[in-house]
Amino acid sequence: MKLHILGTGTAIPRIERNSSAYLVIARDFNILVDVGPSVVRRLLERGFEVDDIDLIVITHFHVDHTADLSTFFFACNYGKTAREKPLTIIGGNGITRFYRGLRKIYPWIEPKTYDLTVKRLVNESRAFNGVTITTAPVRHNPESIGIRLDEKRSLTFSGDTDFSQNLIKLADRADLLVAECAFPERKVKGHLNLESLYRIVKKAMPKRVLLTHLYPDWDTYKGVLHAPYLLAEDGMEIEI
Ligand SMILES: [Zn+2]
Ligand SMILES: [Zn+2]
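The text that follows walks through the structure, step by step, so that each part is easy to find. (Residues numbered from 1 in each chain as written. Chains lettered and ligands numbered in written order. Predicted model: local features only at pLDDT ≥ 70, side-chain atom pairs only at ≥ 80, totals over all residues.)

### Digging into the overall build of the protein chain
Of regular secondary structure, the protein chain possesses six helices and 14 strands. Relative to the globule expectation of 18 Å for 240 residues, the C-alpha radius of gyration of the protein chain, 17 Å, shows essentially globular dimensions. On the principal axes, the C-alpha backbone points of the protein chain span a range of 50 × 35 × 30 Å. A buried classification covers 44% of the 240 residues belonging to the protein chain. Sequence-distant contacts, at least 24 apart, represent 58% of the contacts inside the protein chain between residues at least 6 apart. (Helix = DSSP H or I, 4+ residues; strand = E, 2+ residues; numbered from the N terminus. Rg over C-alpha atoms; globule rule 2.2 N^0.38 Å. Buried ≥ 20, exposed ≤ 12 C-beta atoms within 10 Å, placed from the backbone. Contact = placed C-beta atoms within 7 Å.)

### Focus: the sheet that holds strand E10 (residues 154-157)
Spatially, the seven strands line up as an open sheet ordered E7-E8-E9-E10-E11-E12-E13, and their pairing is mixed. Looking at strand neighbours, the two that pair on one side only are strand E7 (124-128) and strand E13 (229-231), the edges of this open sheet. Looking at each pair of strands side by side, their axes are set apart by 20° on average, direction ignored. Bridge count for strand E12 (residues 208-212) against E13 is three bridges, and the pairing is parallel. Each residue of the ladder has a partner; that of Leu211, found in E13, is Leu231. (Pairing = 2+ DSSP bridges. Axes fitted to C-alpha atoms, helices over the stretch in contact; angles between N-to-C directions.)

### Examining unusual backbone geometry
That bond from Ala227 to Pro228 is cis: its omega, 10°, falls within 30 degrees of zero. The topology assignment puts Pro228 in the loop between E12 and E13. Of note, Asp28 is a non-glycine position whose phi angle comes to about 60°, a positive value. A count of 9 C-beta atoms within 10 Å places Asp28 in the exposed class. With a phi close to 70°, Ser38 is a non-glycine residue in the positive phi region. The topology assignment puts Ser38 in the loop between strand E3 (29-33) and helix H1 (39-45).

### Concerning helix H3 (residues 69-78)
Within H3 the residues assigned to the buried category are Leu69, Phe72, Phe73 and Cys76. An end-on view of H3 places all buried positions within 95° of arc, on one side of the element. Among the structural elements, H1, helix H2 (63-66) and helix H4 (95-105) are those in contact with the buried residues of H3. (Arc of directions from axis to C-beta.)

### Some words on the environment of Val35
With respect to the element layout, Val35 can be found in the loop between E3 and H1. Taking the C-alpha atoms as reference points, Val35 and Pro228, 193 residues apart in sequence, are found 27 Å from one another. Contact partners of Val35, with chain neighbours within four places excluded, come to Ala21, Ile56, Thr66, Asp68, Leu69 and Phe72.

### Describing the environment of Gly159
Note on placement: Gly159 falls in the loop between E10 and helix H5 (165-170). Of the residues examined, Gly159 has 32 C-beta atoms within 10 Å and is grouped as buried. The sequence separation of Gly159 and Ile147 amounts to twelve residues, and the corresponding C-alpha distance is 7.6 Å. Residues in contact with Gly159, not counting those within four places in the same chain, are Thr59, His60, Val138, His140, Ser144, Ile145, Gly146, Ile147 and Glu180.

### Things to note about the sheet that holds strand E5 (residues 87-91)
In spatial order, the strands read E6-E5-E4-E3-E2-E1-E14; together these seven strands make up an open sheet with mixed pairing. Either end of the sheet is taken by a strand with one partner, and the two such strands are strand E6 (116-120) and strand E14 (237-239). Here the strands of the sheet are splayed against their neighbours by 20° on average, with no regard to which way each runs. Bridge count between strand E4 (residues 55-57) and E5: three bridges; the pairing is parallel. If you follow Val57 over to E5, its bridge partner there is Ile90. Docked against the sheet, H4 engages E5 and E6, running at close to 140° with respect to E6.

### Observations regarding the nonpolar core
Within the largest apolar cluster, 60 residues are counted, with the highest numbers of intra-cluster contacts made by Tyr22, Val24, Val33, Ile56, Val57 and Ala179. Per-element accounting of this core gives the leading share, five residues, to strand E2 (residues 21-26). (Core = buried A, V, L, I, M, F, W, Y, C linked by C-beta atoms within 7 Å.)

The following block contains the structure:
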């Protein structure tokens, strides 16, 4: 699997850090995790188009994780060519209602030339093209999910979350855990800081941990991170 880091930021608009989003390439199957502001453009910068995406996972409905979903759908209908290949969207509780709401506001996003499947996946595993996707609720919004992808290797995304037992299970001995660590020291409800992330990692023991969803507090953080921890940057590519 290959991971492209499309963004490592938050709701705070910043040049250096786009809203958090990731592209996973697994056996020619392309999975987009979250579609916040400017993510469609970020795909182009990495050499991908909307049509290259087979499956989208939405970790939760906050604007910094979903704002470009309508842009994505609109481009499927009115891009260079109309999309033909099927698209699957996976999310937590309420994903269908969320999609229907979006379609009510933007009737032009209704698929015209391709099949769209919108699927709720909570506390379940399902295989898509040889990649098994497992999700479980995490502690942020009622619909929030963490995700684990298993192919030959395993990759876990925390989504936005506070300390979570489910995340410990999802990250169990994963090859890479992409973990939100919104603040290095400050503890804010619904998010992790280093101290609470350390507790998760100690139990789950993933091989590597990539810190993302970074608030500007990180700009002035004077501490040093040691392996297996690595601070994510926009544009990073990681082979898993
Ligand atoms: Zn967020
Ligand atoms: Zn959020």
